[in-house]
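Below, each chain spelled out in residue letters.
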Number of protein chains: 2
Amino acid sequence: MFKLTLSAIFFSIAATSLCADPLPSWNAGDAKSQIINYVDAVTDPTSEDYVTPSDRIAVFDNDGTLWSEQPVYFQFLFAMDELARMAEQDPSILTSDTLKAAAAKDFKTVLAAGEEGLLEVVMATHSGLSVDAYQDNVRNWLAAARHPDTGRPYNEMVYQPMLELLSYLRDEDFDTFIVSGGGVDFMRVFAEEAYGIPPEQVIGSSGKTSYQVVDGVPTLMKDPGIAFIDDKEGKPVAINANIGKRPILVAGNSDGDFQMLEWATAGDGPRFGLIVHHTDSAREYAYDRDSHIGRLERGLDEGPDRGWLIVDMSKDWSRVWPQDDN
Amino acid sequence: MFKLTLSAIFFSIAATSLCADPLPSWNAGDAKSQIINYVDAVTDPTSEDYVTPSDRIAVFDNDGTLWSEQPVYFQFLFAMDELARMAEQDPSILTSDTLKAAAAKDFKTVLAAGEEGLLEVVMATHSGLSVDAYQDNVRNWLAAARHPDTGRPYNEMVYQPMLELLSYLRDEDFDTFIVSGGGVDFMRVFAEEAYGIPPEQVIGSSGKTSYQVVDGVPTLMKDPGIAFIDDKEGKPVAINANIGKRPILVAGNSDGDFQMLEWATAGDGPRFGLIVHHTDSAREYAYDRDSHIGRLERGLDEGPDRGWLIVDMSKDWSRVWPQDDN
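Residues numbered from 1 in each chain as written. Chains lettered and ligands numbered in written order. Predicted model: local features only at pLDDT ≥ 70, side-chain atom pairs only at ≥ 80, totals over all residues.

1. Here's the deal with the overall build of chain A
Check the secondary structure of chain A and you find 14 helices and 9 strands. Against the compact-globule benchmark of 20 Å for 326 residues, chain A has a radius of gyration of 21 Å, which places it among compact chains. When its C-alpha atoms are laid out on the principal axes, chain A stretches across 70 × 50 × 40 Å. Sequence-distant contacts in chain A: of pairs separated by 6 or more residues, those separated by 24 or more amount to 63%. (Helix = DSSP H or I, 4+ residues; strand = E, 2+ residues; numbered from the N terminus. Rg over C-alpha atoms; globule rule 2.2 N^0.38 Å. Contact = placed C-beta atoms within 7 Å.)

Quick look at the structure:
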């Protein structure tokens, strides 16, 4: 009798979850229907589009797809803050005008120094220490820093509808990976708590790393120099290197995601490409073709003909942030 | 009544599997006890050594740890066979004495050309084609080729006791990864069938890879040149890059595995280092300090003091191959 009761409870819970809306922060409409119809098709064993769970690989860009990226990538804001913090203890580290400008939060001067300037600021804060020490710095920064426009902690500026999509896919036996131009050591600090994505499913850019025994302690050191840039053509390369399978679902928001969308959706069988279009200046930001961050042009021009879903943030999402009621 | 019966069957199966020997091809003795005691300790929620499932990361070298590596790494035997096959169709590809010697299976001349010679043979067969085409070649080779000493298919020359260890760990909620100096695209062709390890849990060396759209088809191309050598100091670096966690159990067989053993077993809490010592000239091979392949010296000298288990293949394993009865 006791076991029968437990079974009854179990089946009742299962039935409830089958009927519940898996995407409550997505407005009823074409975008939401397309996603649900796709997931239904690839998970229904009687469907001709059925995909076995081991091949249900979904990959997500991070900046602008899972969390915000304005006014500039959050990792770069970390680098600026971190440089200022380091310079308080030792001003002699500011060995160039670019570094001095960064520590003074003078964006314009740093950006005027171009890619080389950005790299200088990143390297000054992302190398010459162990991976563990670096990740402690990121953790401390996330706990204290607040976004200049919203005043929120950065790791709360994640998109509620995308969190629901991640959970929905995992509930349907997808593996969900991040494939981002952001630094892998950086993202792993918060990805598990923010998105439910464990370190081994986070793929990103990386600096050179070496293994050293320092005073008898085996240590992974972050060295100067770039090991891999996980952007544009690099994204399919990184997916092949790290996963070894072609994803069946890809979500991005900028032309840096174009190639992984192109590669994944060219595979056999049913594929799903999704682009988050930032159209919401009221609740988040509105930008695309002319933005310095997250520029989206080719995806808008070619995406629809390629069958990719262009998500209109202002129209398709009933809620943007997890902390909001609307 | 029906449900009660199902429950009864379920509990009976669970009880059986709890009592069954998880390592039947390991002889009773210290090695087997150490493994089982360790796994019991880290999986028992009441133990002070308990490790949560998400941190139960186990990594295994491949050549000489999961399958044989004599008389030379199997991937190199593939390269020699592949070169001969290619030269049959187009002899003009044999542009050097080393390549001619390799296609003629003249080991000695190839080995005399040193590392550069080996690299030349590998590059001639591992670049200039797509990842998919390359993996088809590997698949065809595995289906047809036979080992020079045993006459067995190469993917049957896996160690039954290690297969049992992999299954046992997975049953106890470990994630099992390969971390090998072998090529990642090569190993992924057989690792899932041979070991139950899916592509996303195979980490290895890699050549340069590019993303190209070839005649309208998105393609990952294997290019000339090395991207990463997953050996020695490279192994902890690759584990950090791909998994982002320090493993709690590491198995290897050569000094190429020393650094990942050192790093993993230096972590907090209970750790397990295991070295397969090839002592079995009757059933497999016997080699260590003086071997050109799988040289094991530092591991033998320092391993026991570091608490690593040195597995004596001839003494600790009752069976070597899956196909044998003994």
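2. Some points on the pairing of strand S5 (residues 217–228) of chain B
Residues and elements named next belong to chain B. Pairing between strand S2 (residues 129–130) and S5: 2 bridges, direction antiparallel. Bridge assignment links serine 130 to a residue of S5, and that residue is methionine 221. Pairing geometry for strand S4 (residues 202–214) and S5, over 8 bridges, is antiparallel. In the strand pairing of S5, serine 210 is matched with methionine 221. (Pairing = 2+ DSSP bridges.)

3. Description of the relation of the copies chain A and chain B
In the superposition of chain A on chain B (RMSD 0.0 Å, axial shift 0.0 Å), the rotation amounts to 180°. Read as a symmetry element, the transformation amounts to a two-fold axis. Interface residue correspondence from chain A to chain B reaches 100%, placing this contact among same-surface, isologous pairings. (Least-squares fit on C-alpha atoms with pLDDT ≥ 70 in both.)

4. Section: the packing of helix H3 (residues 74–89) of chain A against helix H6 (residues 114–126) of chain A
Residue and element names in this part refer to chain A. Interaxial distance between H3 and H6 falls to 9 Å at its minimum, and their mutual angle equals 65°. Relative to H6, H3 is oriented so that their crossing is left-handed. Between H3, through Phe76, Ala79, Met80, Glu82 and Leu83, and H6, the contact on the second element is made entirely by Leu118, Val121, Val122, Ala124, Thr125 and His126. For the contact of H3 with H6, the residue count by class is 8 nonpolar, 2 polar and 1 charged. (Axes fitted to C-alpha atoms, helices over the stretch in contact; angles between N-to-C directions. Left-handed = near helix turned anticlockwise from the far one by under 90°. Nonpolar A, V, L, I, M, F, W, Y, C, P; charged D, E, K, R; others polar.)

5. Quick word on the pairing of strand S6 (residues 249–252) of chain A
Residues and elements named next belong to chain A. Neither face of S6 is open: one carries Leu249 and Ala251, the other Val250 and Gly252, and all of them are buried. The pairing of strand S1 (residues 57–60) with S6 spans 3 bridges and is classified as parallel. Paired with valine 59 across the two strands is valine 250, which belongs to S6. Where S6 lies against strand S7 (residues 272–279), 4 bridges are found, and the strand directions are parallel. Bridge pairing links alanine 251 to leucine 274 in S7. (Buried ≥ 20, exposed ≤ 12 C-beta atoms within 10 Å, placed from the backbone.)

6. Notes on the interface of chain A and chain B
If you look at the interface, chain A gives 30 residues, while chain B gives 30 residues. Counting residues per element, the ones that place at least two in the side of chain A that touches chain B are helix H1 (2–19), strand S4 (202–214), strand S5 (217–228), helix H11 (234–242) and helix H12 (258–265) of chain A. Residues belonging to the side of chain A that touches chain B are distributed by class as follows: 15 nonpolar, 9 polar and 6 charged.

7. Notes on the sheet that holds strand S7 (residues 272–277) of chain B
Two pairing modes exist for strands in a sheet, parallel and antiparallel, and in both the strands are linked by backbone hydrogen bonds. All names here are of chain B. Pairing is mixed across the open sheet formed by 8 strands, whose spatial order is S2-S5-S4-S3-S1-S6-S7-S8. Strands at the two margins of the open sheet, each flanked by one partner only, are S2 and strand S8 (309–312). Taken together, the 3 bridges between strand S3 (residues 175–183) and S4 define a ladder with parallel strand orientation. Among the inter-strand pairings, glycine 183 is bridged to a residue of S4, identified as serine 205.

8. Some words on the confidence of the model for chain A
All names here are of chain A. With 94% of its residues at a pLDDT of 70 or more, chain A shows a mean pLDDT of 94. Predicted confidence for residues 1–16 stays below pLDDT 50, and this span has 5 contacts to residues more than four positions away or in other chains. Predicted complex metrics record ipTM = 0.92 and pTM = 0.93. (pLDDT = per-residue confidence, 0-100.)

9. Considerations on unusual backbone geometry
Glycine aside, negative phi is the norm for most residues, and most peptide bonds take the trans geometry. All names here are of chain A. In this chain, glutamine 70 is followed by proline 71 through a cis amide linkage whose omega measures 5°. Within the element layout of this structure, proline 71 appears in the loop between S1 and H3. The phi angle at lysine 232 is positive, at roughly 50°, despite the residue not being glycine. Topologically, lysine 232 is positioned in the loop between S5 and H11.

10. Focus on the domain arrangement of chain A
Residue and element names in this part refer to chain A. Examined at the domain level, chain A breaks down into domain 1 (23–70 + 156–316) and domain 2 (74–144). Summarising the inter-unit geometry, the C-alpha centres of domain 1 and domain 2 are found 26 Å apart. Counting residues at the interface gives 14 residues for domain 1 and 12 residues for domain 2. Looking at the side of domain 1 that touches domain 2, the elements that each hand over two or more residues are strand S3 (175–183), helix H9 (184–187), S4 and S5. The element that contributes the greatest number of residues to the side of domain 1 that touches domain 2 is S5, accounting for 6 residues. (Domains from an automatic or database assignment.)

11. Comments concerning the packing of H3 of chain A against helix H7 (residues 131–144) of chain A
Packed helices, taken two at a time, are described by the angle their axes make and the gap between the axes. Residues and elements named next belong to chain A. Packing of H3 against H7 leaves a shortest axis separation of 11 Å and a crossing angle of 100°. One finds that H3 runs roughly perpendicular with respect to H7. In this structure, H3 uses Phe78, Asp81 and Glu82 to contact H7, whose residues at the interface are Asn137, Val138 and Trp141. Taken together, the residues of the contact of H3 with H7 break down into 3 nonpolar, 1 polar and 2 charged. (Parallel < 35°, antiparallel > 145°, perpendicular 65-115°, else oblique.)

12. As for H11 of chain A
Three- or four-residue spacings in an α-helix give side chains the same orientation, since the helix completes a turn every 3.6 residues. Residues and elements named next belong to chain A. For H11, the tally of buried residues reaches 9 of 9 residues, placing the bulk of the element in the interior. Listed as buried for H11 are Gly234, Lys235, Pro236, Val237, Ala238, Ile239, Asn240, Ala241 and Asn242. Phi for glycine 244, located one or two positions after H11, is positive at around 75°.

13. Focus: the environment of aspartate 149 of chain A
Residues and elements named next belong to chain A. On the secondary structure map, aspartate 149 appears in the loop between H7 and helix H8 (160–171). Of the residues examined, aspartate 149 has 12 C-beta atoms within 10 Å and is grouped as exposed. Along the chain, aspartate 149 and valine 276 lie 127 residues apart, while their C-alpha atoms are 21 Å from each other.

14. Looking at the environment of leucine 77 of chain A
Here leucine 77 of chain A lies in helix H3. Between the C-alpha atom of leucine 77 of chain A and that of alanine 103 of chain A, which follows or precedes it by 26 residues, the distance is 11 Å.

15. Focus: the environment of leucine 296 of chain A
All names here are of chain A. Mapping leucine 296 onto the fold places it in the loop between strand S8 (286–287) and helix H13 (298–302). Judged by the 26 C-beta atoms lying within 10 Å of it, leucine 296 is buried. For the pair formed by leucine 296 and arginine 56, sequence separation is 240 residues and the distance between their alpha carbons is 27 Å. In this structure, leucine 296 is in contact with Asn253, Ser254, Asp255, His277, Asp288 and Arg289, ignoring residues within four places of it in sequence.

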